[in-house]
Amino acid sequence: KSEAILAQCRRGKSFDWGRAPVASMVAPGPNGAALAGPARLRQPGAAEVAGLFVYPLKSCRGVALSAARVTPQGLALAEGPLVPVDRQWCVCGEGGLVQDQRIQPKLATLQVSIAAPGAAGFAGKLVLSSADNPELGELSLPVEEAAYADGERVTVSDRHRNKWFGRALSGYCAGNKAAEWITSCIHLHSRTARSERFRIVRFASGEQHKCLAWEDSVQTLSVRDS
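The text that follows walks through the structure, step by step, so that each part is easy to find. Bear in mind that the values here come from a model prediction, so they are computed numbers and not experimental data.

1. Description of the pairing of strand β10 (residues 110-115)
Reasoning step 1: The alternating pattern of β10 places Leu110, Val112 and Ile114 on a buried face and Gln111, Ser113 and Ala115 on a face that is not buried.
Reasoning step 2: As paired strands, β10 and strand β11 (residues 125-130) are joined by six bridges and run antiparallel to one another. Across the sheet, the residue bridging to Ile114 is Leu126, located in β11.

Here you go:
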């Protein structure tokens, strides 16, 4: 099925995703609304971008951008240092297991924003907040990887035996303040998780899964669908 879609795209034919036989990946938008893949792939040279979103913290709300720069690890902000911001952070448990919306549904309600770069060399800040729990206040995290270099190096994996990541990934712990903030947030909504401590991890360069591998992704879907 997926190979047929790819073949149509290579021949320049349009494809109606509304009638696609394969499931679209859906993620929460900036206002919590579900966002799916494009409604149609048009002729080469006639593509139209309806919206541009990044999801800095896995399983949390997205951030709308008016422009972005493309890197091998995903989209970066249009201004400031060339630092990818799409899916560069995750929430994990004490054993390094990455938390997603299936395990912690309330992650979908966490609001994410990016403070724009200012002075030269400043890559901006990632700002997290909870509309359901304003008493937690905001959590600000640096965007650039170098700011995490002194943090604890940790290994994280997903809950499907690394099938999503393909392998365990390495990153840097965002620190005790970030751990306390995300732990408090999860404990407020999950009784079963109250015995565990959580933390936010910033993926190391080259460790995160590739976000811009369209052909590889389609081939992977073909294997999973077969």
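2. With respect to the sheet that holds strand β12 (residues 139-142)
The pairing of strands in a sheet comes from backbone hydrogen bonds and takes either a parallel or an antiparallel form.
Reasoning step 1: The strand order β10-β11-β12 describes an open sheet built from three strands, whose pairing is antiparallel. Because the sheet does not close on itself, it has two edges, and the strands there are β10 and β12. Sheet twist, expressed as the mean angle between neighbouring strand axes with direction ignored, is 25°.

3. What to know about the pattern of salt bridges
Close approach of charged atoms allows side chains of opposite charge to pair.
Reasoning step 1: Evaluated as defined, the whole model comprises four salt bridges.
Reasoning step 2: Here Asp100 and Arg102 are joined by a salt bridge, their closest N and O atoms 3.9 Å apart.
Reasoning step 3: A relative accessible area of 68% places Arg102 in the exposed class.
Reasoning step 4: Ionic pairing is found between Asp132 and Lys106, a salt bridge with its closest N-O pair at 3.0 Å. Taken together, the residues Asp132 in the loop between β11 and β12 and Lys106 in the loop between β9 (89-92) and β10 connect sequence positions 26 residues apart.
Reasoning step 5: Judged by its relative accessible area of 40%, Asp132 falls in the partly exposed class.
Reasoning step 6: Given a relative accessible area of 34%, Lys106 falls into the partly exposed group.

4. Some thoughts on the environment of Gln99
Reasoning step 1: Mapped onto the elements of the fold, Gln99 is located in the loop between β9 and β10.
Reasoning step 2: On the basis of relative accessible area, Gln99 is assigned to the buried category, the value being 4%.
Reasoning step 3: A sequence separation of 59 residues divides Gln99 from Asp158, and the C-alpha atoms of the two residues are 7.7 Å apart.
Reasoning step 4: Sequence-distant contacts of Gln99, defined by excluding residues within four places in its chain, comprise Ser59, Val91, Cys92, Gly93, Gln104, Leu107 and Phe198.
Reasoning step 5: Polar side-chain contacts of Gln99 include one of 3.2 Å to the side chain of Gln104.

5. What about the packing of aromatic side chains?
Reasoning step 1: Summed over the entire model, instances satisfying the criterion amount to zero aromatic pairs.
Reasoning step 2: Above the ring of Tyr172, the side-chain terminus of Arg153 is found at 4.7 Å from the ring centroid.
Reasoning step 3: Of note, Arg202 hangs over the ring of Trp89, and the distance from its end group to the ring centre comes to 5.1 Å.

About the cut-offs
Residues numbered from 1 in each chain as written. Predicted model: local features only at pLDDT ≥ 70, side-chain atom pairs only at ≥ 80, totals over all residues. Heavy atoms only, no water. Buried < 20%, exposed > 50% of the residue type's maximum accessible area, 1.4 Å probe, protein only. Helix = DSSP H or I, 4+ residues; strand = E, 2+ residues; numbered from the N terminus. Pairing = 2+ DSSP bridges. Axes fitted to C-alpha atoms, helices over the stretch in contact; angles between N-to-C directions. Salt bridge = Lys/Arg side-chain N within 4 Å of Asp/Glu carboxyl O. Contact = heavy atoms within 4.5 Å. Polar contact = N/O pair within 3.5 Å; in protein donor to acceptor, adjacent residues only side chain to side chain. Phe/Tyr/Trp six-rings, centres within 6.5 Å; stacked < 30°, edge-to-face > 60°. Lys NZ or Arg CZ within 6 Å of the ring centre and 35° of its normal.

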